[in-house]
Amino acid sequence: MTPREPDDGEARAVSPGPLEEDLAYEGALRPRSLAEFVGQSKVRGQLQLLIDAAGMQDRTPEHILLAGPPGLGKTTLAMIVAHETARPLRMSSGPAIQHAGDLAALLSSLVPGEVLFVDEIHRMARSAEEMLYLAMEDFRIDIMVGKGAGATSIPLDLAPFTLVGATTRAGLLPNPLRDRFGFTAHLEFYDDVELAQVLRRASGLLGLDFDGPALAEIAGRSRGTPRIANRLLRRVRDYALVHSSASGIDAVRGALELYDVDALGLDRLDRAVLGAVVERFAGGPVGLGTLSVSVGEEAETIESVVEPFLVRVGLLARTPRGRIATAAAYAHLGADPAARPGAPQDALFDDGL
Ligand code: ADP
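So, a few notes on the structure that sits alongside this text.

Cut-offs and rules
- Along each chain, the written sequence defines residue order, and numbers are assigned to residues from 1.
- Confidence filtering applies because this is a predicted model: local features only for residues at pLDDT of at least 70, side-chain atom pairs given and counted only at 80 or more, and all residues used for totals across whole chains, interfaces and linings.
- Side-chain metrics rest on all non-hydrogen atoms present in the structure, leaving aside hydrogens and water.
- Only strands joined by at least two bridges in the DSSP assignment are considered to pair.
- The helix and strand labels rest on DSSP assignments: H or I over at least four residues marks a helix, E over at least two residues marks a strand, and numbering proceeds from the N terminus.
- We define the nonpolar core as a collection of buried residues of types Ala, Val, Leu, Ile, Met, Phe, Trp, Tyr and Cys that are connected through side-chain atoms lying within 4.5 Å of one another.
- Relative accessibility decides the category of a residue: with a 1.4 Å probe and only protein chains considered, values under 20% of the type maximum give buried, values over 50% give exposed, and everything between is partly exposed.
- For the domains described, the bounds stem from an automatic or database domain assignment.
- Here, two residues are considered to be in contact whenever any of their heavy atoms come within 4.5 Å of each other.
- Centres within 6.5 Å are what make two rings of Phe, Tyr or Trp a pair, Trp counting through its six-membered ring; a difference in plane orientation under 30 degrees is then read as stacked, over 60 as edge-to-face, and the rest as tilted.
- By definition, being over a ring means that NZ of Lys or CZ of Arg is both within 6 Å of the ring centre and within 35 degrees of the ring normal.
- Think of it this way: one heavy atom of a residue within 4 Å of a molecule or strand is enough to make that residue near it.
- Here a polar contact is taken to be a pair of N or O atoms separated by no more than 3.5 Å, where protein atoms must pair a possible hydrogen donor with a possible acceptor and residues adjacent in sequence count only if both atoms sit in side chains.
- Accessible surface is estimated by sampling points in the Shrake-Rupley manner with a 1.4 Å probe; for residues, cover comes only from the protein chains shown.
- As defined here, a cavity is a set of points on a 1 Å grid over the protein atoms alone where a 1.4 Å probe fits but cannot get out. A pocket is an open set with protein on both sides within 12 Å along at least five of seven lines, and residues line them when an atom is within 4 Å of a point.
- Grid points are joined across faces, edges and corners, and a volume is the space filled by probe spheres set on the points.
- As a working rule, the residues Ala, Val, Leu, Ile, Met, Phe, Trp, Tyr, Cys and Pro are called nonpolar, Asp, Glu, Lys and Arg charged, and the rest polar, with Gly in that last group.

Side note on the pairing of strand β9 (residues 322-325)
So, step 1. The sheet contact formed by strand β8 (residues 316-319) and β9 spans four bridges and is antiparallel. Bridging across to β9, Leu-316 finds its partner in Ala-325.
So, step 2. Hairpin connection between β8 and β9: a loop of two residues separates the two successive antiparallel strands.

Comments concerning the nonpolar core
So, step 1. Judged by nonpolar contacts, the single largest core of 48 residues is most densely connected at Leu-47, Ile-64, Leu-77, Phe-210, Leu-233 and Val-236.
So, step 2. Domain assignment of the residues forming this core places at least three in each of domain 1 (40-186) and domain 2 (192-258).
So, step 3. Beyond its immediate sequence surroundings of up to four residues, Val-236 is in contact with Phe-210, Ile-218, Ala-251, Val-252, Ala-255 and Leu-256.
So, step 4. Core analysis: the next-biggest nonpolar cluster, separate from the first, contains 25 residues, Leu-106, Leu-116, Met-124 and Ala-135 among them.

Side note on the packing of aromatic side chains
So, step 1. Taken as a whole and judged by the stated rule, the model has one aromatic pair.
So, step 2. The ring of Phe-309 is capped by Arg-223, whose NZ or CZ atom sits 3.8 Å from the centre of that ring.
So, step 3. Above the plane of the ring of Phe-189 lies Arg-312, whose end atom (NZ or CZ) is 3.3 Å from the centre.

Quick word on the site of the ligand
So, step 1. Looking at the ligand, there are 18 residues lining it, with Val-38, Gly-71, Lys-74, Thr-75 and Thr-76 nearest.
So, step 2. Gly-71 is positioned such that a nitrogen or oxygen atom in its backbone is 2.8 Å from an oxygen atom of the ligand.
So, step 3. In isolation the ligand exposes 560 Å². Once the protein is present, 99% of that is buried.
So, step 4. Sorting the residues of the shell around the ligand by element identifies α1 (20-29), α3 (74-84) and α9 (226-242) as the ones contributing at least two each.
So, step 5. A domain split of the shell around the ligand shows at least three residues from each of domain 1 (40-186) and domain 2 (192-258).

Some remarks on empty space enclosed by the protein
So, step 1. According to the stated counting rule, one finds one cavity of 30 Å³ or more in the structure shown.
So, step 2. Around the largest cavity, the lining comprises 21 residues; the ones closest to its centre are Arg-30, Gly-71, Gly-73, Thr-76 and Pro-226.
So, step 3. If you list the elements that add at least two residues to the lining of the largest cavity, you get α1, α3, α7 (192-205) and α9.
So, step 4. Counted by class, the lining of the largest cavity contains 10 nonpolar, five polar and six charged residues.

Now the structure itself:
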């Protein structure tokens, strides 16, 4: 991903998109092979088969679509595909392809067998998408020359390539584009054991020696996302460096308290939203607009940045009548559960609201 999506809000320690500070480290921490890549075992097996089969037939692997939330390893997997097939890699992104001409220039400069990574492919211009259909299918594009009645199209043969597209919003891709990928991988959030493995590896690479309980504590606060895990690890490292008396789990707790990341990975904004539902609206239901005014944060930020995680970990439910705090939310905030109105029997969990 390109740094900071517009809806990322402030630079949060738990933002799943890359912050400037991540970029310097991510290169060093990226696994270089499928064997080093932690978790996602199904996707790893599928990719391995694709790569092996292409290798045996000495052809470029099929086009690959990697779908899933930010920070789960899409860019890393694209690099691994190039590395494991010993092919060069070209990196681009949807926002950089705003005209068909941008894509034509990119495609016509690829060397045979090159892996082309297009991050955020759902943000590519429509006109470029159409050009890409033909390129993916036949390794050919038609370049339009001239305007109006005198316009003609000149066919151009391309070198065979493998497109690896990444998207956080697979649903936004038009079907004809989605259908042209030979393989689509849906990346899942990591469990705490896998995140602890990611952290053990990163901590080895950074020359740190945090013990198992310390790594498990960071993992539990990393929201299922390796990028967040690695970022929190660096904050803990800094804390341990400055507070030399704090080691292991004490350093983790000290650092993450300082950065406002609690035991479940919620930060100040998450807790403000959840706290408002519990304390000011008696557990809900409360509408998004009211919540937004109450917390002093834009409705869009609450809806797209804060709520998905709270819903995913079962602290908040979206119902047709508004947001409701769950019993787990009361327990997490230490609020009196007796004050919680019974969750309505007919609550429908509707993501559209
Ligand atoms: P995305 O492209 O999905 O936003 P990235 O591939 O850039 O995510 O991954 C972000 C960071 O997380 C990388 O620096 C990488 O070190 C780390 N990472 C992601 N997935 C894994 C994994 N499965 N194993 C180890 N590290 C990972």
